Amino acid sequence: MKSNGPSKDRLIVVGVISGAHGVRGDVRVKSFTEIPDDLFSYGPLLSEKGDVVLEPLSERPGKDHFIVKPKRQRQKEEWDALKGTLLHVRRSALPPPEDDEFYIEDLIGLKAVDLSGNAIGTVKAVQDFGAGDLMEVLPLEQGQPSYYVPFTLDDVPGVHFDTGEVVVRDPGHWADQSDPRESDED
């Protein structure tokens, strides 16, 4: 199965509303982009459904966020009610990645294969719980739980967008759901 590449209409999370700033209609926004200011270069910021939530007129840095003057004014209570709302942009609004680079989000939906090219599942998500990126693989076998594979060159030696595949070095190791503290000695 050949992949058509990443969906250009897919929504990518780039920030979150942190609540109102003062009483004049400004809003606090936390950026998730590598270069925080880039958040404002992608166009309107959208809800998870693709509706425009925020069109910044101007922004200035705060302590760990930005203070944004929006095009559409809202009352303080409205911005506070939107606190925690994730802000998205369309994948097509992001600049193309450099050679030999890609967006982590583009991995979602790719087929996971072992070193021999045998299908083992699908990439469900990529998470970072604080110790580095983990690729979540949903096994082909119905009813089996998904499992995490460290997203390192050792464990995921290949990403091939042309064929829509990621290569996992030792899927059996990561798919093993047994508790290592359990033993057969009783």
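These figures come from a predicted structure and were not determined experimentally.

I'm lost on the overall build of the protein chain in this one. Help?
Assigned secondary structure in the protein chain consists of 2 helices and 13 strands. Against the globule reference of 16 Å for 186 residues, the protein chain gives a C-alpha radius of gyration of 20 Å, more extended than a compact globule. C-alpha atoms of the protein chain, sized along the principal axes, occupy 65 × 45 × 30 Å. In the protein chain, 51% of the contacts between residues at least 6 apart in sequence involve partners at least 24 apart. Carbon and sulfur atoms make up 48% of the accessible area of the protein chain, which amounts to about 11800 Å² in all. Separation of charge centres in the protein chain, based on 21 positive and 35 negative side chains, amounts to 13 Å.

Just to check I follow, could you spell out the nonpolar core for this structure?
Nonpolar side chains tend to gather and get buried jointly when the protein is soluble and globular. If you look at the biggest cluster of nonpolar residues, it comprises 18 residues, and the most contacted ones within it are Val27, Val29, Leu45, Leu54 and Val68. For this core, the element with the most residues is strand S1 (residues 11-21), which contributes 4 residues. Look past the residues within four positions of Val27 in its chain and what remains in contact with it is Ile17, Gly19, Ala20, His21, Leu54, Phe66, Ile67, Val68 and Trp79. Of all hydrophobic cores here, the second largest spans 13 residues; its members include Ile120, Val126, Met135 and Val166.

Quick question: what am I supposed to make of the pattern of salt bridges here?
When the charged atoms of two side chains lie near each other, side chains of opposite charge can form a pair. A complete count under the given rule lists 7 salt bridges for this structure. The partner of Asp26 in a salt bridge is Arg60, with the nearest N and O atoms 4.0 Å apart. On the criterion of sequence distance, the pair formed by Asp26 in strand S2 (residues 26-31) and Arg60 in strand S5 (residues 56-61) is long-range, its members being 34 residues apart. When the shortest N-O distance is used, the salt bridge between Asp26 and Lys69 registers 3.5 Å. Of the two residues, Asp26 sits in strand S2 while Lys69 sits in strand S6 (residues 66-70), which places them 43 residues apart along the sequence. Asp26 sits in the buried class, given a relative accessible area of 9%. For Lys69, a relative accessible area of 36% translates into the label partly exposed. One network of salt bridges, with partners in common, ties together Arg10, Arg91 and Asp106.

So what exactly am I meant to see when it comes to the sheet that holds strand S8 (residues 111-113) here?
As a general point, the strands of a sheet are linked pairwise by backbone hydrogen bonds and lie either parallel or antiparallel. The sheet built from 6 strands is open, its strands ordered S11-S10-S9-S8-S13-S12 with mixed pairing. Single-partner strands in this sheet number two, and they are strand S11 (147-150) and strand S12 (158-160). Sheet twist, expressed as the mean angle between neighbouring strand axes with direction ignored, is 35 degrees. Relative to strand S9 (residues 119-128), S8 is paired through 3 bridges, and the arrangement is antiparallel. Within S9, the residue paired with Val113 across the bridge is Ala119.

What is the right way to read the confidence of the model for the protein chain from this model?
The predicted model of the protein chain averages 86 in pLDDT, with 90% of residues at 70 or higher. The spread of mean pLDDT over the elements of the protein chain runs between helix H2 (residues 171-175), the lowest at 82, and strand S3 (residues 45-46), the highest at 96. Residue range residues 1-5 is modelled with pLDDT below 50. Its contacts to residues more than four positions away, or to other chains, number 9 contacts.

What is the right way to read the packing of aromatic side chains from this model?
Aromatic ring pairs are described here by two measures, namely the spacing of the ring centres and the angle between the planes. This model, assessed by the stated rule, comprises 4 aromatic pairs. Taking 5.4 Å as the distance between ring centres and 65 degrees as the angle between the ring planes, the aromatic pair formed by Phe102 and Phe161 counts as edge-to-face. Residue Phe102 is located in the loop between strand S7 (86-90) and S8, and its partner Phe161 is located in the loop between S12 and strand S13 (165-167); the two are separated by 59 residues in the primary sequence. Between Phe129 and Tyr148 the ring centres are 5.8 Å apart and the planes differ by 85 degrees, which places this aromatic pair in the edge-to-face class. Taken as a pair, Phe129 in the loop between S9 and strand S10 (133-139) and Tyr148 in strand S11 lie far apart in primary sequence, 19 residues in all. For Phe129, a relative accessible area of 58% corresponds to the exposed category. By relative accessible area, Tyr148 is classed as partly exposed at 32%.

Basis of the calculations
Residues numbered from 1 in each chain as written. Predicted model: local features only at pLDDT ≥ 70, side-chain atom pairs only at ≥ 80, totals over all residues. Heavy atoms only, no water. Helix = DSSP H or I, 4+ residues; strand = E, 2+ residues; numbered from the N terminus. Rg over C-alpha atoms; globule rule 2.2 N^0.38 Å. Contact = heavy atoms within 4.5 Å. Areas by Shrake-Rupley, 256 points an atom, 1.4 Å probe, with all protein chains shown as cover. Lys, Arg positive; Asp, Glu negative; His and termini not counted. Charge placed at Lys NZ, Arg CZ, Asp CG, Glu CD. Core = buried A, V, L, I, M, F, W, Y, C linked by side-chain atoms within 4.5 Å. Buried < 20%, exposed > 50% of the residue type's maximum accessible area, 1.4 Å probe, protein only. Salt bridge = Lys/Arg side-chain N within 4 Å of Asp/Glu carboxyl O. Pairing = 2+ DSSP bridges. Axes fitted to C-alpha atoms, helices over the stretch in contact; angles between N-to-C directions. pLDDT = per-residue confidence, 0-100. Phe/Tyr/Trp six-rings, centres within 6.5 Å; stacked < 30°, edge-to-face > 60°.

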